[in-house]
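Remarks on the overall topology
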Amino acid sequence: MKKISLAIVDDHKLIRQMWAMIFADNIEIHVVGESGTLADAIEMVKTNRPDILLLDINLAENSGMDAVPQIRKFSPGTKIIAVSMHNQVAYAKRMLQLGAKAYLTKNSPHEEMFKAIQVVMEGGVYVCAEIADLISGTPQDNELPNSDIKKLSMREIEIIKCIKDGLSSKEISSRLYIGIRTVEVHRRNILKKLNIKNTALLINFINQTDLNFI
């Protein structure tokens, strides 16, 4: 039986090595490559055309949300399994909308990883138990406090949460490892997408919004 070819994308080398070790003893899966950046991941996918790509959605220089359409463009047959430290329902929904076939959190046991691979290889879609439990208790999209929230990127959501924590642009820059100018650009984009005029009104909006929904 042909082995499932699998590639790993995570910006932490230790995590990549741990995943590779998990699959090393599995006779049905063969790890064909790994990378720590989106640019390297695209080249790896072009070369290896893996059946499965494990994709961390929090890459240092790019969002996994940006990565999904690019990877699908170069290797449409590759099934993407998103893996994240975030357990927000909106992240999982967005990744699936973009074309990922599964969403796991880093709290998921390795048995669930194998289950996700099996499901997507059979043509299905898989969401880990942690997210599924949250979805079962989450209002439908039309019940969310503000539908414009769905326009936000993952990075913009992270910045909103930093603002809610009372962080300045400089502090946000340090926490997220991005430039202050980049933070300011994201803040302007957030105001535009949410149709909010200034930071004071944005803070008021944040305080009235349940951020567990985003």
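Residues numbered from 1 in each chain as written. Predicted model: local features only at pLDDT ≥ 70, side-chain atom pairs only at ≥ 80, totals over all residues. Heavy atoms only, no water.

**A closer look at helix H4 (residues 89–98)**
Residues Val89, Tyr91, Ala92, Met95 and Leu98 constitute the buried set of H4. Immediately downstream of H4, the backbone of Gly99 shows phi near 125 degrees, a positive value. (Buried < 20%, exposed > 50% of the residue type's maximum accessible area, 1.4 Å probe, protein only. Helix = DSSP H or I, 4+ residues; strand = E, 2+ residues; numbered from the N terminus.)

**Thoughts on the sheet that holds strand E5 (residues 102–105)**
As summarised here, the arrangement of the six strands in space is E2-E1-E3-E4-E5-E6, forming an open sheet in which the pairing is parallel. Unpaired on one side and paired on the other, strand E2 (29–35) and strand E6 (126–127) mark the two borders of the sheet. Here E5 pairs with E6 via two bridges, running parallel. The residue of E6 that forms the bridge with Tyr103 is Val127. Sheet strands in contact with helix H1 (residues 13–24) are strand E1 (4–9), E2, strand E3 (52–56) and strand E4 (79–84), and its direction is about 170 degrees off that of E2. Across the sheet, H4 lies against E3, E4, E5 and E6, angled at about 150 degrees from E5, the strand it touches most. (Pairing = 2+ DSSP bridges. Contact = heavy atoms within 4.5 Å. Axes fitted to C-alpha atoms, helices over the stretch in contact; angles between N-to-C directions.)

**Notes on the pattern of salt bridges**
Evaluation of the coordinates by the stated rule reveals eight salt bridges. In this structure, Glu43 and Lys46 form a salt bridge, with 3.6 Å as the shortest nitrogen-oxygen distance. Of this pair, Glu43 and Lys46 are both found in helix H2 (residues 38–48), three residues apart, which corresponds to roughly one turn of the helix. On the basis of relative accessible area, Glu43 is assigned to the partly exposed category, the value being 44%. Look at the salt bridges and you will find they share partners, linking Asp10, Asp56 and Lys106 into a network. (Salt bridge = Lys/Arg side-chain N within 4 Å of Asp/Glu carboxyl O.)

**Quick word on the environment of Val120**
Secondary-structure assignment places Val120 in helix H5 (residues 110–121). Between the C-alpha atoms of Val120 and Lys79, which are 41 residues apart in sequence, the distance is 7.1 Å. Other than its neighbours up to four places away in sequence, Val120 contacts Ile52, Lys79, Ile81, Lys101 and Ala102.

**A closer look at the environment of Ile80**
Relative to the assigned elements, Ile80 resides in strand E4. Taking the relative accessible area as the measure of exposure, Ile80 reaches 1% and is therefore buried. The spatial distance from the C-alpha of Ile80 to the C-alpha of Tyr103 is 8.8 Å, given a sequence separation of 23 residues. Filtering out sequence-adjacent residues up to four positions away, Ile80 remains in contact with Leu53, Leu55, Val68, Ile71, Arg72, Ala100, Lys101 and Ala102.

**With respect to the packing of aromatic side chains**
Here the structure, examined in full by the defined rule, presents one aromatic pair. A centroid spacing of 5.5 Å and a plane angle of 90 degrees characterise the contact between Phe23 and Phe114, whose relative ring orientation is edge-to-face. In this pair, Phe23 is assigned in helix H1 and Phe114 in helix H5, connecting sequence segments 91 residues apart. For Phe23, a relative accessible area of 2% gives the class buried. Above the ring of Phe74, the side-chain terminus of Lys46 is found at 4.3 Å from the ring centroid. (Phe/Tyr/Trp six-rings, centres within 6.5 Å; stacked < 30°, edge-to-face > 60°. Lys NZ or Arg CZ within 6 Å of the ring centre and 35° of its normal.)

**Notes on the side chain of Glu158**
By secondary structure assignment, the location of Glu158 is in helix H7 (residues 154–164). Setting aside residues up to four positions removed in sequence, Glu158 forms contacts with Asn58, His86, Tyr91 and Leu176.

**A few points about the packing of H1 against H5**
Two numbers describe how H1 lies on H5: the axes approach to 11 Å, and their chain directions differ by 70 degrees. For the element pair H1 / H5, the angle class is roughly perpendicular. Here Trp19, Ile22 and Phe23 of H1 lie close against H5, whose contacting residues are His110, Met113, Phe114 and Ile117. When the residues that make up the contact of H1 with H5 are grouped by side-chain class, the tally is six nonpolar, one polar and no charged. (Parallel < 35°, antiparallel > 145°, perpendicular 65-115°, else oblique. Nonpolar A, V, L, I, M, F, W, Y, C, P; charged D, E, K, R; others polar.)

**Considering the confidence of the model for the protein chain**
Across the protein chain, the average pLDDT comes to 83, with 86% of residues at 70 or higher. Segment residues 138–147: pLDDT under 50, and ten contacts once partners within four positions in sequence are set aside and those in other chains are kept. (pLDDT = per-residue confidence, 0-100.)

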